[in-house]
Amino acid sequence: MIFGHGDDAYQYGRQIKTDFSSNIYSDTDLSGLQAYLSSRFNIVTHYPEPEPVGLEKMLAEKLGVPENTIMVTNGATEAIYLIAQLYRGWASVIPQPTFMEYEAACQIHGHLLSYNTDDELKVLPDDRIYWLCNPNNPTGNVINKHLIRHIIRQHPRYLYVIDQSYKDYTLSPMIQPAEMTDCYNVMLVHSLSKTYCIPGLRLGYIFSSPIIIDRLRQIRQPWTVNAIAIEAGKYLLEHNPKTVTDLPAYLAEAQRLRQLLSAINGLLVMDTATHFMLVNMDKGSSRELKQWLINEHGILIRDASNFRSLDDRCFRVTARSPEEDDRLVDALREYIALQAK
């Protein structure tokens, strides 16, 4: 497990007024879920199902896939670690920069790691997994779904883990599980925590072939998904609240933020197809910037220096409301001006 992810406001107490470090949409109305869970709170006096079979059945019906192709997990992170454990000792190709837990999970379970997609065909053994985050964290770029499907089907000898945790934060088409029911070398990882903006409840799932799902079930611990999370998942699947009320407008705001940041001398902002973006600065360090923003403005950003292949001048921010985004831009202008003195 890597420490140093975004949304680490818990380290700073009441200093944080505005959190740009989390990739979770910040303006979701969860009052319906809150009322429902309050009415069901007595379930904490009983053990949950050892495996969340009821929730998995509901999810399979919603996705239009067989029940034996779905496994609900304690967030997408449990899914990542279970996959790495199941294929202990395999080779893993992890294009960089990307979500750090792929590498951490693979290291724990003795994978041969490659970060270079140019030469792995000649160097690595055939027992191989490709890990793709799509949309990718921290860059926000999206790989065309038809290209990914083509690659998966053209190389049945290799396994592919496609992490689509941020699929609900882009307008780019994503692979649907129902499209891959005849494919036996793919694992789609999803995060209900991000879809429904409930990261504290830890809900994710894996879609894959019945054989792979069965093998994953054999190595997981019982009761990894708690009773409150299971109830929340059932409520959310049944009611399917629209957590991002107007996604096109929100992504338009993200692009407005990107343009404002790009206009600041000394900042280079990467293209993004989602709501977060990676920024590189000419002077100063991301660690110093993060602490300065906390001290001076109560603003929290994601220091991206601990992503492999990135350095201490990289940080990530996520769009919020126009007013909050404007305050971030003003604060960054102030910081850059101070660095120029």
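It should be emphasised that the depicted structure is a prediction, and the values quoted were computed from it without experimental measurement.

Here we come to the overall build of the chain. A count of helical and extended segments in the chain gives twelve helices and 13 strands. Expected size for 341 residues packed as a compact globule is a radius of gyration near 20 Å; at 21 Å, the chain falls within 12% of this value. Seen along its three principal axes, the alpha-carbon backbone of the chain occupies a region of about 60 × 60 × 35 Å. Buried positions account for 54% of the 341 residues belonging to the chain. The contacts in the chain between residues at least 6 apart in sequence include a share of 73% that link residues at least 24 apart. Surface exposure of the chain reaches about 15,500 Å², of which carbon and sulfur atoms provide 51%. Positive and negative side-chain charges of the chain, numbering 33 and 40 respectively, have mean locations separated by a distance of 1 Å.

This next bit is on unusual backbone geometry. In this chain, asparagine 134 is followed by proline 135 through a cis amide linkage whose omega measures 0°. Residue placement: proline 135 occurs in the loop between strand S5 (128-133) and helix H6 (145-154). In the segment running from asparagine 137 into proline 138, the intervening peptide bond is cis, with an omega of 25°. Take proline 138: it is sitting in the loop between S5 and H6. One non-glycine residue, tryptophan 223, lies in the positive phi region at around 60°. As for its position among the elements, tryptophan 223 is in the loop between helix H8 (210-219) and helix H9 (227-239).

What follows concerns the layout of surface pockets. Put simply, the second largest pocket is a space of about 500 Å³. Every residue lining the second largest pocket is counted, 24 residues in all, and those nearest its centre are Lys167, Asp168, Thr195, Tyr196 and Asn240. The set of elements that each furnish at least two residues to the lining of the second largest pocket consists of helix H2 (53-63), strand S7 (186-191) and helix H7 (192-195). Per element, the largest residue contribution to the lining of the second largest pocket is three residues, and it comes from H2.

Below, the discussion takes up empty space enclosed by the protein. A probe matching the size of a water molecule, rolled over the atoms, marks out where space remains unfilled. For the structure shown, the criterion picks out one cavity of 30 Å³ or more. Lining of the largest cavity is provided by Thr69, Met180, Thr181, Cys183, Tyr184, Phe207, Ser208, Ser209 and Pro210. Taken together, the residues of the lining of the largest cavity break down into five nonpolar, four polar and no charged.

This paragraph deals with the sheet that holds strand S9 (residues 267-269). The strands that make up a sheet pair up through hydrogen bonds in the backbone, lying either parallel or antiparallel. Ordered in space as S9-S10-S13-S12, the four strands form an open sheet in which the pairing is antiparallel. Across the chains shown, the open sheet's two edge strands, defined by having one partner strand only, are S9 and strand S12 (302-303). As defined by bridge partners, strand S10 (residues 276-281) adjoins strand S13 (residues 314-318) across five bridges and the pair is classed as antiparallel. By the bridge assignment, asparagine 280 is partnered in S13 with cysteine 314.

With that settled, the discussion passes to the pairing of strand S6 (residues 159-163). Within a regular strand, side chains alternate between the sheet's two faces. Summarising burial for S6: five of the five residues are buried, a large majority. A two-sided burial pattern is seen for S6, the buried positions comprising Leu159, Val161 and Asp163 on one face and Tyr160 and Ile162 on the other. By the bridge criterion, five bridges tie S5 to S6 in an arrangement that is parallel. In the strand pairing of S6, cysteine 133 is matched with aspartate 163. A crossover links S5 with its parallel partner S6, the connecting element being H6, and its sense is right-handed. Both S6 and S7 contribute to a ladder of four bridges, which runs parallel. Residue valine 161 lies in a different strand from S7, and its bridge partner there is methionine 187.

A few words on the pattern of salt bridges. By the definition in use, this model includes 15 salt bridges. We note a salt bridge from aspartate 182 to arginine 153, for which the minimum N-O separation is 3.0 Å. Linking aspartate 182 in the loop between S6 and S7 with arginine 153 in helix H6, this pair joins segments that are 29 residues apart in sequence. In this structure, the salt-bridge partner of glutamate 253 is arginine 256, at a minimum N-O distance of 2.9 Å. Of the two residues, glutamate 253 and arginine 256 are both situated in helix H10 (residues 247-262); the distance of three residues between them amounts to about one turn of the helix. Here glutamate 253 falls in the buried class, since its relative accessible area comes to 9%. The structure contains a network of salt bridges with shared partners spanning Glu51, Glu56 and Arg217.

What follows covers H9. Its 13 residues give H9 an end-to-end C-alpha distance of 18 Å, which sits within 8% of 18 Å, the value for a rise of 1.5 Å per residue. In terms of burial, H9 is largely enclosed, as ten of its 13 residues are buried. Three or more residues of H9 are buried, namely Ala227, Ile228, Ala229, Ile230, Glu231, Ala232, Gly233, Tyr235, Leu236 and Leu237. Those residues of H9 hidden inside the fold are in contact with helix H1 (31-39) and H2. Sitting at the head of H9, asparagine 226 places a side-chain oxygen 3.0 Å from the backbone nitrogen of isoleucine 228. Within two residues after H9, asparagine 240 carries a phi angle of roughly 45°, on the positive side.

Each value, and the rule that gives it
- Residues numbered from 1 in each chain as written.
- Predicted model: local features only at pLDDT ≥ 70, side-chain atom pairs only at ≥ 80, totals over all residues.
- Heavy atoms only, no water.
- Helix = DSSP H or I, 4+ residues; strand = E, 2+ residues; numbered from the N terminus.
- Rg over C-alpha atoms; globule rule 2.2 N^0.38 Å.
- Buried < 20%, exposed > 50% of the residue type's maximum accessible area, 1.4 Å probe, protein only.
- Contact = heavy atoms within 4.5 Å.
- Areas by Shrake-Rupley, 256 points an atom, 1.4 Å probe, with all protein chains shown as cover.
- Lys, Arg positive; Asp, Glu negative; His and termini not counted.
- Charge placed at Lys NZ, Arg CZ, Asp CG, Glu CD.
- 1 Å grid on protein atoms, 1.4 Å probe; cavity = no way out; pocket = protein on both sides within 12 Å on 5 of 7 lines; lining within 4 Å.
- Points joined across faces, edges and corners; volume = space filled by probe spheres on them.
- Nonpolar A, V, L, I, M, F, W, Y, C, P; charged D, E, K, R; others polar.
- Pairing = 2+ DSSP bridges.
- Right-handed = clockwise from strand over helix to strand, strands pointing away.
- Salt bridge = Lys/Arg side-chain N within 4 Å of Asp/Glu carboxyl O.
- Expected span 1.5 Å × (residues − 1).
- Polar contact = N/O pair within 3.5 Å; in protein donor to acceptor, adjacent residues only side chain to side chain.

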